[in-house]
Amino acid sequence: MAYGARLESVLGESPRGFESPILRDMTEPSPRSATAAEGTGRRYAGLDGLRVIAVALVLVYHLAPPLLPAGYIGVDLFFVISGFLITSLLLREGLRTPGALRRFWLRRARRLLPALAAVVVVSAALALLVGGDVLYRIGVQILGAATFSYNWWAIAAGGGYFESTAPELLRNVWSLAVEEQFYLLWPLALLLLVRIPRVGLRAGLTAAGSLASAGLLLGLLATGADLTRVYYGTDSHAFGLLLGAAVALGTERMRNAAAGTGAGRHPALPVVATVLGAAALAGLVVLAALPAPGEGGFARALLLAAALGVIAVTGASWPGSPLGRLLDAPPLRWVGDRSYGLYLWHWPLLVLALAATPGSTPGRVPLATGIAVLLATVLLAALSHRWLETPVRRLGFRGALRQARTALRGGGSRASRTLGAALAGVLLVASAGAAVAIAPTATSAEQYIAAGQAQLDHATRSPADPAAPSGSPSAADTAEPGAPSAPPTADPATPIDSATPAVPGAPGDPVPGTATAEPGSDSTPEPAPGPAPVDGSRVDAVGDSVMLAAAGGLLERLPGIRIDAQVSRSMYVGPDIVAALGGGLRDYLVVALGTNGPVERDTIEEIVAMAGRDRTVVLVTAFADRDWIPGVNATLAEVARRDRNVVLADWAGAIAGHDDELAGDGIHPDSDGGRRFAEVVAAAIDAAEAAKLARIQERGVLETVQEQRLERLPPPSGEPPSGGLWVEPGAGDAPATGRTPAPPR
């Protein structure tokens, strides 16, 4: 059924820069149809094309992360467009006319709610089929989406944006919440601003509000606030919306003059606007393609994107601008009309696809998965725009329902289609309700971390081994001088599994210095002493939540190991932890602190120096879908190459290709992964122990050779010593029995 001329375009919000960003209230009418739909006069050219660029930055950032590492800035371009467009429409409509605000808010609801409701219900129903972590806290997510408060729900939950272990199905609606809160409050503030007679003062006050929001963003980051609070906060991320509003307030009269035939029309202005706008768009693309910055650079990228967005919006929408005409090309306008739906659909579909694809995470999206999600996104956004959003915007909620009832009563194929759609809707709503009912209370990663903590607590509470009488001498007390110390008696720990897998370096594996039988001999000589596997009571381990999840495997493989692991730790706390252990450090110190952020070589070297030269430090490589991980592992490997007292345990290499041994977040190990983690650590320790023994044996051989050389030297007088034999140099290596060794020189 055709609905006539196209109505206002739905603004698409761009997902936020790290997951889904923004909100583009872009719920305003498409430039072409603004006049007919809103009755507000002249339309703004080029805004649909700008929406396409914004949503493209976000989609590429999510579906092909390596191509645009900072594509999240598309969200801030969306915010600028929304602030500019909403303010311009409010000024045209006349805020003081009766019912102006009510009509404005009703149009926003007609634009936002139909697509949002469809995305929420369909996504929750599909999550029921996929199961697992995608169902985590889905009830709270739906509530946050329905009340346009998702951003504050996420902040209250305290889940860090970068450390989140849950694939939040509706995370991208945080930006929609920010925008809707702006739509609610800004018209009220604008009612006061328009009472100020000076246009420049109105724009200046609005720009001051934008600067205050930007200052809050920087201030929160400087004080160490959580990135979720900084990025999701309406107060700290409203600078783009207010900046767009300030431009609309400050340039309203100039635009009206330029659009007419009066003295305000200058032939050079459209050309200048085009040049500046095109340069700003190029700058946005370059900025999106730059490597992902740290926290300080992240904030600067957001602010710079908003500034470039203002220039781009001004240049594209200026009356007569060639850039605006270029961005109004029919294909771009078609996509721009559906950009809101594209933004809403792409993130939940991506989360569901990754959850159903082993080894995939938001940072490692297979090409086939990305293409499939893109095609599904375009299809669903087009269907929603055609059959749901347009009827509601054109007829209103009650009008669309009346039309559906009329279709049902009319009979024929139209009635069948309407009935089928209604039944499908009921089924989807029921499935969404079931998804909420069975949603888990914790993610798989949280469950594995909690299990590791429980096993660690149990091992810590276990009493000492009763078989070892107190006060009895240890092996270290009775060992001969110079021999490797035997491990002290360990406290028992409850194993996770009765079977202990083979360990590299265990008895039976060839090690340097081990004697073997000659081929063809009738008897097997007694083997030379080799290194036994290191007992856990000689090992200290310091780590983050990855080590905590693997605690059960470590306790099983290295009974008696002392583990100090906590969630969200970084390498920078390592020196403090080692300092707290002080002189009680054991022979081996395992450090696994590379998951939660970049590391510096100086920090690692400080840990090694604090451990001392008589201990070995085992550095565990990190495995996670984070952009800093390659740099972390390169730094760890460099320190291990430079220092003989440091060895590398390559967890990243061992777990690669074994995604079935990881939790749903692709970072934390499950029980099997914990055993693999423990084997990697134990193998590195045993290799270090074997190297130590080899060095000791080498030193012993050198000392023996030196003694033999000294024995062959004649006494100073040239006469053989009394009571002994003098072996001429070169007469043989084996001294005669009963000989008295020559004194050293």
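Above this text is the structure in question.
Residues numbered from 1 in each chain as written. Predicted model: local features only at pLDDT ≥ 70, side-chain atom pairs only at ≥ 80, totals over all residues. Heavy atoms only, no water.

Examining the overall build of the protein
Okay, step 1: For the protein, the count of helices and strands is 26 helices and five strands.
Okay, step 2: Burial analysis of the protein (745 residues in total) assigns 49% to the buried set.
Okay, step 3: Once local pairs closer than 6 in sequence are excluded, the contacts in the protein between residues at least 24 apart make up 77%. (Helix = DSSP H or I, 4+ residues; strand = E, 2+ residues; numbered from the N terminus. Buried < 20%, exposed > 50% of the residue type's maximum accessible area, 1.4 Å probe, protein only. Contact = heavy atoms within 4.5 Å.)

Some thoughts on a nonpolar patch on the surface
Okay, step 1: Taken together, the side chains of Leu106, Leu113 and Phe397 define a hydrophobic patch exposed on the protein surface, amounting to about 210 Å² of accessible area.
Okay, step 2: Classification of Phe397 by relative accessible area gives partly exposed; the value is 34%. (Patch = residues over 30% accessible without salt bridge, like charges linked within 9 Å, V, L, I, M, F, W, Y side chains within 5 Å. Areas by Shrake-Rupley, 256 points an atom, 1.4 Å probe, with all protein chains shown as cover. Salt bridge = Lys/Arg side-chain N within 4 Å of Asp/Glu carboxyl O.)

Overview of the side chain of Glu389
Okay, step 1: Mapped onto the fold, Glu389 is located in helix H16 (residues 367–410).
Okay, step 2: Buried and unpaired, Glu389 has no salt bridge, with Arg393 as the nearest side chain of opposite charge at 4.8 Å. (Lys, Arg positive; Asp, Glu negative; His and termini not counted.)

A few points about the pattern of salt bridges
Any two side chains of opposite charge can pair, given that their charged atoms come close.
Okay, step 1: Tallied over the full model, the rule gives 18 salt bridges.
Okay, step 2: Across the pair Arg538 and Glu689 runs a salt bridge, and its minimum N-O distance is 3.2 Å. You can see Arg538 sitting in the loop between helix H19 (475–478) and strand S1 (539–543) and its partner Glu689 sitting in helix H26 (residues 671–712), a full 151 residues away along the chain.
Okay, step 3: By relative accessible area, which is 9% here, Glu689 ends up buried.
Okay, step 4: For Glu605, the salt bridge goes to Arg601, with nearest N and O atoms at 3.1 Å. With Glu605 and Arg601 both in helix H23 (residues 601–611) and four residues apart, the pair spans about one turn of that helix.
Okay, step 5: Because the salt bridges share partners, they merge into one network encompassing Arg601, Glu605, Glu638 and Arg642.

Looking at the sheet that holds S1
Okay, step 1: Spatially, the five strands line up as an open sheet ordered S2-S1-S3-S4-S5, and their pairing is parallel. Taken across any chain shown, the strands that pair with only one partner, and hence form the sheet edges, are strand S2 (562–565) and strand S5 (646–649). If you compare each strand with its neighbour and ignore which way they point, the axes differ by 20 degrees on average.
Okay, step 2: Note that S1 and strand S3 (residues 588–592) share five bridges and pair parallel. Note on S3: the bridge partner recorded for Gly543 is Ala592. (Pairing = 2+ DSSP bridges. Axes fitted to C-alpha atoms, helices over the stretch in contact; angles between N-to-C directions.)

Here we look at helix H17 (residues 412–438)
Okay, step 1: Here H17 spans 39 Å end to end across 27 residues, near enough to the 39 Å set by a 1.5 Å rise per residue.
Okay, step 2: When we look at burial in H17, the residues that qualify are Ala415, Thr418, Ser431, Ala432 and Ala435.
Okay, step 3: Elements that come into contact with the buried residues of H17 comprise helix H4 (100–130), helix H5 (138–146) and H16. (Expected span 1.5 Å × (residues − 1).)

Points about the environment of Leu216
Okay, step 1: With respect to the element layout, Leu216 can be found in helix H8 (residues 199–222).
Okay, step 2: Overall, Leu216 belongs to the partly exposed group, its relative accessible area being 31%.
Okay, step 3: Not counting the four nearest positions on each side in its chain, Leu216 is found in contact with Asp235 and Ser236.

Re empty space enclosed by the protein
Okay, step 1: In the structure shown here, the tally under the stated rule is five cavities of 30 Å³ or more.
Okay, step 2: Reported here for the largest cavity is a volume of approximately 70 Å³.
Okay, step 3: Around the largest cavity, the lining residues are Asp544, Val546, Ala592, Leu593, Gly594, Thr595, Val620, Thr621, Ala622, Phe623, Trp651 and Phe677.
Okay, step 4: Of the residues belonging to the lining of the largest cavity, the class tally is eight nonpolar, three polar and one charged. (1 Å grid on protein atoms, 1.4 Å probe; cavity = no way out; pocket = protein on both sides within 12 Å on 5 of 7 lines; lining within 4 Å. Points joined across faces, edges and corners; volume = space filled by probe spheres on them. Nonpolar A, V, L, I, M, F, W, Y, C, P; charged D, E, K, R; others polar.)

A word on the packing of aromatic side chains
Okay, step 1: All told, the structure shown has 12 aromatic pairs when counted by the stated rule.
Okay, step 2: Consider the rings of Trp174 and Tyr232, whose centres lie 5.1 Å apart with planes at 20 degrees: the pair is stacked. Here the residue Trp174 occupies a position in helix H7 (residues 173–193), and Tyr232 occupies one in helix H9 (residues 227–232), the gap between them amounting to 58 residues.
Okay, step 3: Residue Tyr232 is classed as buried on the basis of its relative accessible area of 2%.
Okay, step 4: When the centroid spacing of 5.5 Å and the interplanar angle of 40 degrees are considered together, the rings of Tyr231 and Phe298 count as tilted. On the criterion of sequence distance, the pair formed by Tyr231 in helix H9 and Phe298 in helix H12 (residues 295–317) is long-range, its members being 67 residues apart. (Phe/Tyr/Trp six-rings, centres within 6.5 Å; stacked < 30°, edge-to-face > 60°.)

Describing the nonpolar core
Okay, step 1: Formed by 109 residues in total, the largest nonpolar core has its most connected members in Leu50, Tyr72, Ile73, Trp186 and Leu344.
Okay, step 2: Each residue touching Leu50, except ones within four places of it in the same chain, is listed here: Leu77, Ile81, Leu281, Ala312, Val313, Ala316 and Leu327.
Okay, step 3: Ile449, Val542, Leu636 and Leu662 belong to the second-largest nonpolar core, a separate cluster that totals 63 residues. (Core = buried A, V, L, I, M, F, W, Y, C linked by side-chain atoms within 4.5 Å.)

Quick notes on the packing of H4 against H17
The relative placement of two packed helices is expressed as an angle between their axes plus a distance between the axes.
Okay, step 1: Interaxial distance between H4 and H17 falls to 8 Å at its minimum, and their mutual angle equals 60 degrees. Taken together, H4 and H17 sit at an angle that is classed as oblique. Considering how the two elements wind past one another, H4 and H17 form a crossing that is left-handed. For the pair H4 and H17, contact is made by Val121, Val122, Ala124, Ala125 and Leu128 and by Leu428, Val429, Ser431, Ala432, Ala434, Ala435 and Ile438, respectively. (Parallel < 35°, antiparallel > 145°, perpendicular 65-115°, else oblique. Left-handed = near helix turned anticlockwise from the far one by under 90°.)

Here we look at a positive patch on the surface
Okay, step 1: Together, Arg398, Arg402, Arg405 and Arg409 give the surface a local cluster of positive charge.
Okay, step 2: Tracing the chain through its elements places Arg398 in helix H16.
Okay, step 3: Residue Arg398 is classed as exposed on the basis of its relative accessible area of 69%. (Charge placed at Lys NZ, Arg CZ, Asp CG, Glu CD.)

So, the side chain of His237
Okay, step 1: Among the structural elements, His237 can be located in the loop between H9 and helix H10 (239–259).
Okay, step 2: Overall, His237 belongs to the buried group, its relative accessible area being 0%.
Okay, step 3: For His237, the side chain forms a polar contact with the main-chain oxygen of Tyr231, separated by 2.8 Å.
Okay, step 4: Those residues within four positions of His237 in sequence are excluded, and the remaining contacts are Asp76, Phe79, Trp174, Ser213, Tyr231 and Leu302. (Polar contact = N/O pair within 3.5 Å; in protein donor to acceptor, adjacent residues only side chain to side chain.)

Regarding the pairing of S1
Okay, step 1: Of all five residues in S1, five are buried; the element is thus mostly enclosed.
Okay, step 2: Side-chain alternation along S1 places Val539, Ala541 and Gly543 on one buried face and Asp540 and Val542 on a second face that is also buried.

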